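Report on the structure
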Amino acid sequence: MSVQAYVVGDEQRPPDNALLQVVQRGLRSQPKRLPSWLFYDDQGSALFEQICEQPEYYLTRAEIALLKEHAGDIAHVLGPDARLVEYGSGHAIKTRLLLEHLEAPVAWVPVELATEALRLSSERMAAYFPQLPIQPISVDFTRPMRLPVPPRAPRRTVVYFPGSTIGNFDEREAAQLLRKMRGEMGDNGGILVGVDVKKDRATIEAAYNDAAGVTAAFTLNMLTRLNRELGCNFELGGFRHRARYNTMAGRIETHILSKREQRVRVGRLQVLFREDEAMLVEYSCKYSLEDFAALAAIAGLTVQHVWMDAQGLFSLQYLTRSSAS
């Protein structure tokens, strides 16, 4: 068994009083907003896996097609003896396609806040790759963290950020996260990041409004979590999911809308929701290749390679330190 006992149980999860403060502050804001990391309790992570299987959700299919076509070339660029640190690893379905092509990887370090998803993916990958050292960490990847000591010295550390999660951060936050990755990868390292590219509005909006309603259930599960963890009294039937593409900003904006005027208890705070009042819960930014190269430059990084699926729906981009940084 190659899974090392390095799981840090919810080390970065805020205590209930801090969580309450985050939620109360967001609900006092005008307009109201809550952070998207609240989606990802164990139920939310399971629902997100279901979203990835919906016919409208092109992102996962496009990324898997990309990896099947280009994983060998990507592995060649990363080189032998790489340590792969994966942010938000989830069930790590796509990671297997990459690891199959890497030459003598030093370790896979999955970083995932949902502990059950982390445990299952680590066990599954250990079965696929019995010789691969696996060093799972249960933390919030946006926070400072200590990487485990690798079993041997890697030639380079590669921070792998698959999917399109970088799009969930606005430009300032995304640049800050890329700078954090740059620090963790070291002087000789790199970042392999999934980036959803701009395309027609109908295709994008359908991906976030699937006919089966899985994305809506995923969004409203945030309220279920707040009821459970903070003793709130959100009535799920009184709210609905809405996701629209803002063409000017180049992003999906996901809101939870109140169906009627109502009050909700959040700790000692009574929060008034007006009818049709929208609470922002997530951005999903889309980028042209030029847009993302400019964002990387802000973080002191240069795009060295870009791979895309045959339909041009999705990209994987490899970033290294800029010569001036």
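Rules used throughout
Residues numbered from 1 in each chain as written. Predicted model: local features only at pLDDT ≥ 70, side-chain atom pairs only at ≥ 80, totals over all residues. Heavy atoms only, no water. Salt bridge = Lys/Arg side-chain N within 4 Å of Asp/Glu carboxyl O. Helix = DSSP H or I, 4+ residues; strand = E, 2+ residues; numbered from the N terminus. Buried < 20%, exposed > 50% of the residue type's maximum accessible area, 1.4 Å probe, protein only. Pairing = 2+ DSSP bridges. Axes fitted to C-alpha atoms, helices over the stretch in contact; angles between N-to-C directions. Contact = heavy atoms within 4.5 Å.

**Quick notes on the pattern of salt bridges**
Should their charged atoms come close, side chains of opposite charge can pair. Per the stated rule, a full pass over the model turns up 19 salt bridges. With a shortest N-O distance of 2.6 Å, Glu 116 and Arg 119 are connected by a salt bridge. With Glu 116 and Arg 119 both in helix H5 (residues 115-128) and three residues apart, this pair spans about one turn of that helix. With a relative accessible area of 38%, Arg 119 lands in the partly exposed category. The shortest N-O distance in the salt bridge between Glu 253 and Arg 251 comes to 2.8 Å. For the pair Glu 253 and Arg 251, a shared accessibility class is recorded, and that class is buried.

**Examining the pairing of strand S8 (residues 269-273)**
Both faces of the sheet carry side chains from a regular strand, because those side chains alternate between them. Of the two faces of S8, the one holding Leu 269, Val 271 and Phe 273 is buried and the one holding Gln 270 and Leu 272 is not buried anywhere. Alignment of strand S7 (residues 262-266) against S8, held across five bridges, turns out to be antiparallel. Considered in S8, the bridge of Val 264 is made with Val 271. Between S7 and the antiparallel strand that follows it, S8, lie two residues; Gly 267 among them carries a positive phi value of about 65 degrees.

**Comments concerning the sheet that holds strand S5 (residues 239-246)**
Strand order in the open sheet made by the three strands is S5-S6-S9, with antiparallel pairing throughout. At either margin of the open sheet sits one strand with a lone partner, and together these are S5 and strand S9 (278-285). Pairs of neighbouring strands in the sheet enclose a mean axial angle of 20 degrees, with direction left out of account. Note that strand S6 (residues 251-258) and S9 share seven bridges and pair antiparallel. Bridge pairing in S9 links Arg 251 to Cys 285. Along the sheet, helix H8 (residues 214-230) makes contact with S5, S6 and S9, crossing S5 at roughly 120 degrees.

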